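One letter stands for each residue in the lines below.
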Amino acid sequence: MNSPVKPLLPLMLQQALGATPDVHAWVAASAGTGKTQVLSARVLRLLLLGTPPHAILCLTFTKLAAAEMQARVLDRLARWARCDADGLLADLRALGADTDDATIVRARRLFAQVLDAPAGLAVQTIHAFAQGLIASFPVESGVAPGFATLDDRGGMALRRRLLAEAIEAAARDGDEAFLADLAEISIAGGEQRMGSVAARLMAHGEALAGLALAGIEPMLRRGFGLPTDGDGAVTLAAQVRGLDLAGLARLATALEQGGKVAAGKRVKLQAWLEAADKPAAFETLCEVFLTQSETVNSQTITKAVALHDPWAADFYTEFGMALIDIRAEQRVYAAAAHAARHLRVGKRLAADWRTAKARLGVVDYDDMIVAAQRLLLAPGAADWVRYKLDQRIDHVLVDEAQDTNLRQWEIVRALIGEFFAGVGARETRRTLFVVGDYKQSIFGFQGADPKVYRDKREDFSLLASDVGDALEAIELTTNFRSVGAVLDVVDEVIATLGPTSFDSDGVLPHEPHRKTAAGRVTLWPPVLPAGDDDNEDSDDDSAPAPRAEITMAHNVAETIALWLDPAKPMLVPSTGKPVRPQDVLVLVRSRSAFSNAFVAALHEHGVPVAGVDRLKLTDPLAVADLLALARFALQPGDDLTLAALLVSPFVALGHDRLFTLADGRPGALWDRVRDSGDPAVQAGAAWLGDVLGLADFTAPYEFFERILSGTLQGRQKLLARLGEEARDAIDAVLDQALAFESANAPSLQGFLAWVEGDDIDIKRDPDAPLDAVRLMTVHGAKGLQAPIVILADTAKARRPEREAPVLMSFDGGAALP
């Protein structure tokens, strides 16, 4: 019986070195270079040598990566248990493992041995490892025995509650300073962002706890190079007192000889000279001398002014430059004051956050890492804990090492410290394997820092060399995912910008595994923005898309539609087959207004689209319609909700019929609907009446499921109107209904408040089988591939003279390296 798992391909030289089980290895691997293959090959070779499954610890960054790694190993072991002798020998040779009789027998038995192992194969995220560790030693790690994990949603709700309680307490106790700080933060960032600001501040409680409240702003001023005593207002008042008032009066007289511009400046200057509170009117003075871009206004001193008083031009320029310096210093004062507000508020909220978690007996993901680090490194029980772990773990493999932060690295170092302690009590060869990509550490997840990544490589290399061992530095440069045309462009970009811009050690050229595969890279001309496009610099996905981006969205959608035209389809160069919607992957830097405009454009051109890869639960129309059903069931007299339902896919009356029903009605819209003689309206009233019949006797999940899957055929109605991409949103509502019922009394009213009160994200499975165009962020698409990849906003630049979006397409079985 043959296994569906494909035979292994022979490892290349560098891959084989990384997979060698008795070698300490630090592997640099770009995406697509076979990193996961090397990881799984190393685990397989360790198992083939007789290493117990519990002695291997694989730490990954995400649950998805851990699941993929474990599945690869178990699928391979299952194949070995069932395949014929030739297939097993071919796999062993591909791995570079022994092919003697003992190894073959062991390979056949490994699947059962791993399944029978008490803890299975330890492939897990570092948070999962930390959670298991502190659960085994709760008292020693400083957490409550039997603690619960605070997930993202629970943490969001708790932070929101603590913020509200802090505001109430400050108002009750007369803490005007705290309320003033909160008000300024809200004004600067917007009230809706206060929750995310509070979440960030609470995450740094340990650092904030050591700050003295009164010393925060002086400390910041000192850091900015400002005097610690006094503030911006005091400094500005002193600087204004030192200004040359006589010179300004003389300038005002000279400006009388100028034209319209000079006359307007003279009026403002005279008003400032006569102002009682000159520091408060400082901006008026600046308007006399400076442009909006903060340069000295060259149009003020006309020829007539210069002829009347030649002194005026030099004075005007010098005085304007002095104002620029004063303004710059005031901005620094403002930055220090703004940062101080955040730290003062954060100190209060972080203390409340820490107290609340202790009272509830919960820990968040950051707490797990801190507690595990404390358990492994603090004096006392740490020696015993490390000894127990040292007796169990012989091989540590760290995946996605560029995303590992300093605290997590300290945990890894504590685990492998004895690996480099020289001759030990056991003869077992113990190894460290690390794989990552310095270039990808720029994302800085959870505090990861590329400098820390580089420092740890040097640290572990010194540990090995101190005992006469070596940490092999391995570069995987052969790319199995992208074709040569794509890799050539990538290498050219790196060469143009300078390899050290990406990695201080430089970047080796990428080599395509498929030397002869067809493919090309196309650079499309930019869509130039209009000068009055106010939203051009906005990355807010709730803001309307700029006109240039709307134009570009339609251009791209129209092009994809032409590629998919069955009458004359485009052929994928690498396969010669017609392009399918699922072959097209569109990548953007961030989820912005362009994403929504592009999805709409694809719908308009009849192109199947899976929608954006991540969106708020309440954003999709399918979710809005389902929640409207719940609101209607609770309050049929809500005319606005009923009107939305009447034109939704559930009833589908159309806007003309709705206007006829609603216009000039004497009472509630629901009464008008029930009394209508229109057959279509009567059918809708009957359908909505059945919905009302469910409201009083069903929990939220049952309410939605019976509407969607029962005789009301709600799911069919939604998918017929909104397309297959609505399926994920529908399933997300059902998932949230189950989650709500598991922790709350099952009421529709409570569920509505629960859903609408939180910013819940839906994340689509990018690998889900769906014949539709995919739209994702560049980082979200990491590890994926597609025959055609379109980069839709490559020229978005963070500068005033922003260029328009430029679009690139990679095709021919290609993907980004």
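The structure presented is a predicted model; accordingly, all values stated were derived computationally and were not measured.

### Considerations on the overall build of the protein
Item 1. Helices and strands together make up the secondary structure of the protein, namely 34 helices and 18 strands.
Item 2. Dimensions of the protein along its principal axes, counting C-alpha atoms only, are 105 × 85 × 65 Å.
Item 3. Of all 817 residues assigned to the protein, the portion counted as buried reaches 46%.
Item 4. Residue pairs at least 24 apart in sequence account for 74% of intrachain contacts in the protein once pairs closer than 6 positions are excluded.

### Description of the packing of helix H3 (residues 63-82) against helix H5 (residues 101-116)
Item 1. As a packed pair, H3 and H5 sit with axes 7 Å apart at the nearest point and diverge in direction by 130 degrees. The angle between the axes of H3 and H5 places the two elements in the oblique class. The two elements H3 and H5 cross, and the hand of that crossing is left-handed. Counting all contacts with H3, which are made through Leu74, Leu77, Ala78, Trp80, Ala81 and Arg82, the residues of H5 involved are Ala107, Arg108, Leu110, Phe111 and Val114.

### Focus on the sheet that holds strand E1 (residues 24-29)
Item 1. If you trace the six strands from one edge of the open sheet to the other, you get E3-E2-E6-E7-E1-E8, paired in parallel fashion. Looking at which strands have only one partner, the edges of the open sheet turn out to be strand E3 (122-125) and strand E8 (471-476). Between one strand axis and the next, the sheet turns by 15 degrees as a mean value, whatever way the strands run.
Item 2. Here E1 pairs with E8 via six bridges, running parallel. Opposite Ala28, over in E8, you have Glu475 as the bridge partner.

### Here we look at the pairing of strand E2 (residues 56-60)
Item 1. Among the five residues of E2, five are classified as buried, and the element is accordingly described as predominantly covered.
Item 2. Alternating residues of E2 divide into Ile56, Cys58 and Thr60 and Leu57 and Leu59, and every residue in both groups is buried.
Item 3. Inspection of the sheet shows E2 paired to strand E6 (residues 395-398) by four bridges, in the parallel sense. Counted as the bridge partner of Ile56 is His395 from E6.
Item 4. With four bridges joining them, E2 and E3 adopt parallel strand pairing. Looking at the pairing, Leu57 lines up with Ala122 of E3.

### Some thoughts on the confidence of the model for the protein
Item 1. This prediction gives the protein a mean pLDDT of 84; 90% of its residues lie at or above 70.
Item 2. When the elements of the protein are averaged for pLDDT, strand E18 (residues 808-811) gives the smallest value, 46, and E6 the largest, 95.
Item 3. This stretch, residues 797-817, has a pLDDT under 50; its non-local contacts, to residues over four places away or in other chains, come to 104 contacts.

### Brief notes about the pattern of salt bridges
Item 1. Considering all chains together, one arrives at 30 salt bridges under this definition.
Item 2. A salt bridge links Arg250 to Asp309, with the shortest nitrogen-to-oxygen separation between them at 2.9 Å. Taken as a pair, Arg250 in helix H14 (residues 245-255) and Asp309 in the loop between helix H17 (303-308) and helix H18 (311-360) lie far apart in primary sequence, 59 residues in all.
Item 3. For Asp309, a relative accessible area of 11% gives the class buried.
Item 4. As a salt-bridge pair, Arg674 and Asp671 come within 2.6 Å of each other at their nearest N and O atoms. Separated by three residues within a single helix, Arg674 and Asp671 lie in helix H29 (residues 669-675), roughly one turn from each other.
Item 5. Salt bridges here are not isolated pairs; linked through shared partners, they connect Asp181, Glu217, Arg221 and Arg344.

### Quick notes on the environment of Gly576
Item 1. Note that Gly576 resides in the loop between helix H24 (547-564) and strand E12 (584-588).
Item 2. According to the relative accessible area criterion, Gly576 is partly exposed, its value standing at 44%.

### Regarding the environment of Ala335
Item 1. You can see Ala335 is positioned in helix H18.
Item 2. Accessibility expressed as a relative area gives 34% for Ala335, which makes it partly exposed.
Item 3. Along the primary structure Ala335 and Phe224 are separated by 111 residues, whereas in three dimensions their C-alpha atoms are 9.0 Å apart.

### Looking at the packing of aromatic side chains
Here a ring pair, both rings aromatic, is described through the centre-centre distance and the interplanar angle of the planes.
Item 1. Tallied over the entire structure, the rule returns 17 aromatic pairs.
Item 2. With 5.8 Å between their ring centres and 15 degrees between their planes, Trp26 and Trp409 make a pair best called stacked. Of this pair, Trp26 sits in strand E1 while Trp409 sits in helix H21 (residues 406-416); the two residues are 383 residues apart in sequence, bridging distant segments of the chain.
Item 3. The interplanar angle of 20 degrees and the centroid separation of 5.1 Å between the aromatic rings of Phe650 and Trp687 together place this pair among those described as stacked. Pair noted here: Phe650 is in the loop between helix H27 (639-646) and helix H28 (655-662) and Trp687 is in helix H30 (residues 679-695), with a separation of 37 residues, a long-range link.

### Focus on the side chain of Ser676
Item 1. By secondary structure assignment, the location of Ser676 is in the loop between H29 and H30.
Item 2. Given the relative accessible area of 14%, Ser676 is considered buried.
Item 3. Those residues in contact with Ser676, other than ones at most four positions away along the chain, are Leu661, Val681 and Gln682.

### A few points about helix H4 (residues 85-95)
Item 1. What H4 keeps buried is the set Gly87, Leu88, Leu89, Asp91, Leu92, Ala94 and Leu95.
Item 2. Check the buried side of H4 and you find it contacts helix H2 (35-48), H3 and H5.
Item 3. Where H4 ends, the next residue or the one after it, Gly96, has phi of about 80 degrees, a positive value.

### Focus on the nonpolar core
Item 1. Formed by 51 residues in total, the largest nonpolar core has its most connected members in Leu646, Leu688 and Phe704.
Item 2. In terms of residue count, the dominant contributor to this core is helix H26 (residues 621-634) (nine residues).
Item 3. Setting aside chain neighbours within four positions, we find Leu688 in contact with Leu629, Phe632, Leu642, Leu645, Leu646, Val651 and Trp670.
Item 4. Counting 42 residues, the second-largest nonpolar core is a separate cluster that includes Leu133, Trp409, Val412 and Leu463.

The rules behind each value
- Residues numbered from 1 in each chain as written.
- Predicted model: local features only at pLDDT ≥ 70, side-chain atom pairs only at ≥ 80, totals over all residues.
- Heavy atoms only, no water.
- Helix = DSSP H or I, 4+ residues; strand = E, 2+ residues; numbered from the N terminus.
- Buried < 20%, exposed > 50% of the residue type's maximum accessible area, 1.4 Å probe, protein only.
- Contact = heavy atoms within 4.5 Å.
- Axes fitted to C-alpha atoms, helices over the stretch in contact; angles between N-to-C directions.
- Parallel < 35°, antiparallel > 145°, perpendicular 65-115°, else oblique.
- Left-handed = near helix turned anticlockwise from the far one by under 90°.
- Pairing = 2+ DSSP bridges.
- pLDDT = per-residue confidence, 0-100.
- Salt bridge = Lys/Arg side-chain N within 4 Å of Asp/Glu carboxyl O.
- Phe/Tyr/Trp six-rings, centres within 6.5 Å; stacked < 30°, edge-to-face > 60°.
- Core = buried A, V, L, I, M, F, W, Y, C linked by side-chain atoms within 4.5 Å.

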